[in-house]
Amino acid sequence: MNVAIRNVRLAVQQKVADAYRGALAEAAAEVDDRWEGLAAALAQSVADAGPARSFADLVGSGACDSLITYDPAKQAGYPTPPLPATPVQAAKTDEWNRAEHLENDLRGFPAAARAYAEAARLAPGKDLAALALLAQARCQARAGDGDGAVTTLMRIAADPAYADTRDQQGRFIVPAAQLRALELLRDSDRPERKDILEALARRLTDYGEPLLPSSQRVFLMRRLQEIAPDCPPFPTLAGEELAAECLARSPLSATPSALTPAGIEGVWQLASPDGHAVAFFRQQSVVRESERLLSARAALAQVTVTVLPPGRALAGRPAFLTAPLGSRLAGWQVALQLPDPDPFAAAARRQVAAYVWTGFLVIVVIALAALLAARYLLGQVRLARLKNDFLATVSHELKTPLSSMRVLVDTLLDGHYRDQQQAVEYLQLLAKENLRLSRLIDNFLTFSRMERNKVAFDCQPLRPDEIVNEAVESVRDRFESAGFKLDVEPSPGLPTVNGDRDALVTVMLNLLDNAYKYSGAGKRVRVRAYGQDRNMCLEVQDNGIGISRRAARKIFDRFYQVDRSLSRNAGGCGLGLSIVKFIISAHGGTVQVKSQPGKGSTFTVLLPVEKG
Ligand code: ADP
């Protein structure tokens, strides 16, 4: 059994493994498609929306963790290149130089603030004017005039003329002024604070033109999150930081449409087919996305799917199956764990149980078929035996009266009789044998029809006393001449029964015949008809030899005789009571016997009373 279970277990395991291997191959193809589609989408997005906006879209929506784009013409991509470390020296005016002197050398901040304001007014360009105002605000703040500083900064932010102004490193001045104002208003509840915060946050999430340099954006985002806890998080900040980290690492080399290590621990990169865009993914993002794709497949719903980056081992239960995650993720594996520690053993046990049950059922079916065949054969054997018995009985029973009749006829023909009286006696004997022969033949014919189911009853309402009288009258002479005392209580006026007259008379004749044959010394027979409950009872009672309890159970069987030689001598063939039972059953009735050996027997036929 154990070997059987082990073999079935292996077979089941093989089957399940094949099924899962197929499902994993399909899943891997889907994972490949996913990354290939993403690579194509990168190129498309950059072409449609431009580098900065596609960065905002793809990183902001979580399609990738970061993105670096290169312009094919080597112009602007995103993130923008780092700003120069040292500012471009601007041509400063006399007023500007005076203000710087006041601020830095004399530390006269109020005077310096006024001088910067004058420098702003006299500045040759908007950039310098905005820068002078920024310096004015700085001096106001240093002079302790925070409100004045904020007002100056808000003037820069509010004036559309300064919208695009930049400092010598290329940084935009308005967001810098807004940040400075927020720093000054850090713990203030002045209503302007909220407006400035919103305006600056909007500017930082705006990836349109004029484009904020990446390094300034990252700096402002980080600083804003430090000084303004009520500022909502920036979804692209982490992406900006990751891109800056990746850009710092050179050279960038990515295989188009394949996920390869980005050169930073735990970061993977995917290049667009044209190589102009490289998306970056943190390892967890790749694992999460791949597991999402795999778990969505119905075929893998029953198992635990774990995506394993290169070099990562599966924790916990051993994997039932591992397979490559896809051709675009070199070295990545997917591992399947089954829910049950050993589901194959259970499946194998179930399978073996199914085999055992099937085998058992087959055996049961075969046994049943054999039983039916045996019953059929037995029936055939019994039928053959019955035919033999019947033939033997018929020939024997016919022979006895026929031979005595022949002897009597021969005696009469040869004139071997004393006188007329003896001749009459012989003739009476002849008549008796003739009657016996007729009754035998009647019984044989009835039995034969009965066996072939050819008996047709002609039913009609019958009065019980009619049946009793007809039967009694036809035997009366025989009984009386043999010295019997025949008591008849037909009880006229009883309800009718529905039956075949000849058949029911035959029943009574057979019962009377038995009473006659087995009367022994006591020659008294009583015939009664009476009602009981919803039945009509016809009863023949004798005080003859009686029947033992054991024999009484068999006397209604065909050819059964308690004492064969006695019955044969009495002219019986073992069919009378089986004919009685057959006829009465066909009439919906029953036949009972009560008997005591040596004291006599009472046969009672119960027939249902006709409804009406
Ligand atoms: P048979 O033609 O031999 O009488 P039956 O079927 O009529 O066959 O009866 C079966 C057997 O039952 C008889 O052989 C006899 O032994 C027993 N039997 C039937 N009626 C009586 C009875 N009134 N008294 C004693 N034995 C009887």
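This report concerns the structure included in the present document.

Reading the values: rules and limits
- Residues numbered from 1 in each chain as written.
- Predicted model: local features only at pLDDT ≥ 70, side-chain atom pairs only at ≥ 80, totals over all residues.
- Heavy atoms only, no water.
- Pairing = 2+ DSSP bridges.
- Helix = DSSP H or I, 4+ residues; strand = E, 2+ residues; numbered from the N terminus.
- Axes fitted to C-alpha atoms, helices over the stretch in contact; angles between N-to-C directions.
- Contact = heavy atoms within 4.5 Å.
- Patch = residues over 30% accessible without salt bridge, like charges linked within 9 Å, V, L, I, M, F, W, Y side chains within 5 Å.
- Areas by Shrake-Rupley, 256 points an atom, 1.4 Å probe, with all protein chains shown as cover.
- Salt bridge = Lys/Arg side-chain N within 4 Å of Asp/Glu carboxyl O.
- Near = heavy atom within 4 Å.
- Polar contact = N/O pair within 3.5 Å; in protein donor to acceptor, adjacent residues only side chain to side chain.
- Nonpolar A, V, L, I, M, F, W, Y, C, P; charged D, E, K, R; others polar.
- Buried < 20%, exposed > 50% of the residue type's maximum accessible area, 1.4 Å probe, protein only.
- Phe/Tyr/Trp six-rings, centres within 6.5 Å; stacked < 30°, edge-to-face > 60°.
- Lys NZ or Arg CZ within 6 Å of the ring centre and 35° of its normal.
- Core = buried A, V, L, I, M, F, W, Y, C linked by side-chain atoms within 4.5 Å.
- Parallel < 35°, antiparallel > 145°, perpendicular 65-115°, else oblique.
- Left-handed = near helix turned anticlockwise from the far one by under 90°.

### Looking at the sheet that holds strand β3 (residues 267–271)
Overall, antiparallel pairing links the four strands, which are arranged β1-β4-β3-β2 in an open sheet. Both outer strands of the open sheet, β1 (66–69) and β2 (259–261), are each paired with one neighbouring strand and no more. Between one strand axis and the next, the sheet turns through 30° on average, direction left out of account. Strands in contact with helix α11 (residues 283–295) are β2, β3 and β4 (277–282); relative to β4, the strand with the most contacts, it is inclined by about 85°.

### Let's talk about a nonpolar patch on the surface
Residues W357, F360, L361, V364, L368 and L371 make up a contiguous nonpolar surface patch of about 620 Å² in total accessible area. If you trace the backbone, V364 turns up in helix α12 (residues 343–413).

### So, the site of the ligand
For the ligand, the set of nearby residues contains 20 residues, the closest of which are Y518, Q561, S567, C573 and L577. Here N514 contributes a side-chain N or O atom positioned 2.9 Å from an oxygen atom of the ligand. Side-chain polar atom of D542 to a nitrogen atom of the ligand: 2.9 Å apart, as the coordinates give it. Considered on its own, the ligand offers 530 Å² of accessible surface; in the complex 97% of this is hidden by protein. Mapped onto the shell around the ligand, the elements with two or more residues apiece are α15 (501–517), α18 (576–586) and β14 (600–608). In terms of residue class, the shell around the ligand is made up of 10 nonpolar, eight polar and two charged.

### Section: the sheet that holds strand β5 (residues 304–308)
Read from one edge to the other, the open sheet built from three strands follows the order β5-β7-β6, with strand pairing classed as antiparallel. Every other strand in the sheet has two partners, leaving β5 and β6 (321–324) as the edge strands with one partner each. Averaged over all pairs of adjacent strands, the angle between strand axes in this sheet comes to 20°, irrespective of strand direction. Direction of pairing for β5 relative to strand β7 (residues 333–337): antiparallel, over a ladder of five bridges. In the strand pairing of β7, T304 is matched with Q337. Each of β5 and β7 is contacted by α11, which is oriented at about 145° to β5, the strand it contacts most.

### A closer look at the pattern of salt bridges
Applying the stated criterion across every chain, the model contains 30 salt bridges. The residue R478 makes a salt bridge to D513 at a minimum N-O spacing of 2.9 Å. With R478 in helix α14 (residues 464–481) and D513 in helix α15, the pair connects residues that are 35 residues apart, well separated along the chain. As a salt-bridge pair, D487 and K485 come within 3.1 Å of each other at their nearest N and O atoms. Of the residues examined, D487 reaches a relative accessible area of 18% and is grouped as buried.

### Looking at the pairing of strand β13 (residues 590–596)
Inspection of the sheet shows β13 paired to β14 by seven bridges, in the antiparallel sense. When the bridges of β14 are listed, V591 appears paired with V605. Hairpin geometry of β13 and β14 is characterised by an intervening segment of three residues between the two adjacent antiparallel strands and by a positive phi of about 85° at G598.

### Some remarks on the packing of aromatic side chains
Tallying each qualifying case throughout the model produces 13 aromatic pairs. Between F479 and F484 the ring centres are 4.9 Å apart and the planes differ by 55°, which places this aromatic pair in the tilted class. Like F484, F479 is buried. In this structure an aromatic cluster arises from ring pairing among F55, Y78 and Y207. Stacked on the ring of W35, the Lys or Arg R34 has its end atom at 5.3 Å from the ring centre. Between R478 and the ring centre of Y516, over which it is positioned, the NZ or CZ distance is 4.5 Å.

### As for unusual backbone geometry
A cis amide bond links Y78 to the next residue, P79, at an omega of -5°. A cis amide bond, omega -10°, links E209 with the succeeding residue P210. As for its position among the elements, P210 is in the loop between α8 (191–205) and α9 (214–227). The backbone of D533 shows a phi angle near 50°, a positive value even though the residue is not glycine. Residue D533 is classed as exposed on the basis of its relative accessible area, which comes to 77%.

### Digging into the environment of A456
Note that A456 resides in the loop between α13 (420–451) and β8 (459–462). Residues A456 and G493, 37 residues apart in the sequence, show an inter-C-alpha distance of 28 Å.

### What about the nonpolar core?
Formed by 101 residues in total, the largest nonpolar core has its most connected members in W35, L67, I156, L224, F281, L294 and L300. Ranked by residue count, the leading element in this core is helix α1 (residues 2–49), at 11 residues. Residues within four places of F281 in sequence aside, it is in contact with W35, L38, A63, C64, D65, L259, G266, V267, W268, L270 and V286.

### Some words on the environment of I196
In this structure, I196 sits in helix α8. Assessed through its relative accessible area of 8%, I196 is described here as buried. Residues contacting I196, with those up to four places away along its chain left out, are M154, Q178, A181, L182 and L185.

### Regarding the packing of helix α4 (residues 109–122) against helix α5 (residues 126–142)
Relative to each other, α4 and α5 sit at 165°, their axes nearing to 8 Å. In terms of their interaxial angle, α4 and α5 are classed as roughly antiparallel. By crossing handedness, the relation of α4 to α5 is classed as left-handed. In this structure, α4 contributes F109, A112, A113, Y116, A117, A119 and A120 to the contact, and α5 contributes A129, A132, L133, A135, Q136, R138, C139, Q140 and R142. Partitioned by chemical class, the residues of the contact of α4 with α5 number 12 nonpolar, two polar and two charged.

### A closer look at the environment of T151
Here T151 lies in helix α6 (residues 146–158). For T151, a relative accessible area of 48% corresponds to the partly exposed category. Considering only alpha carbons, one finds T151 and F234, 83 residues apart in sequence, at a separation of 27 Å.

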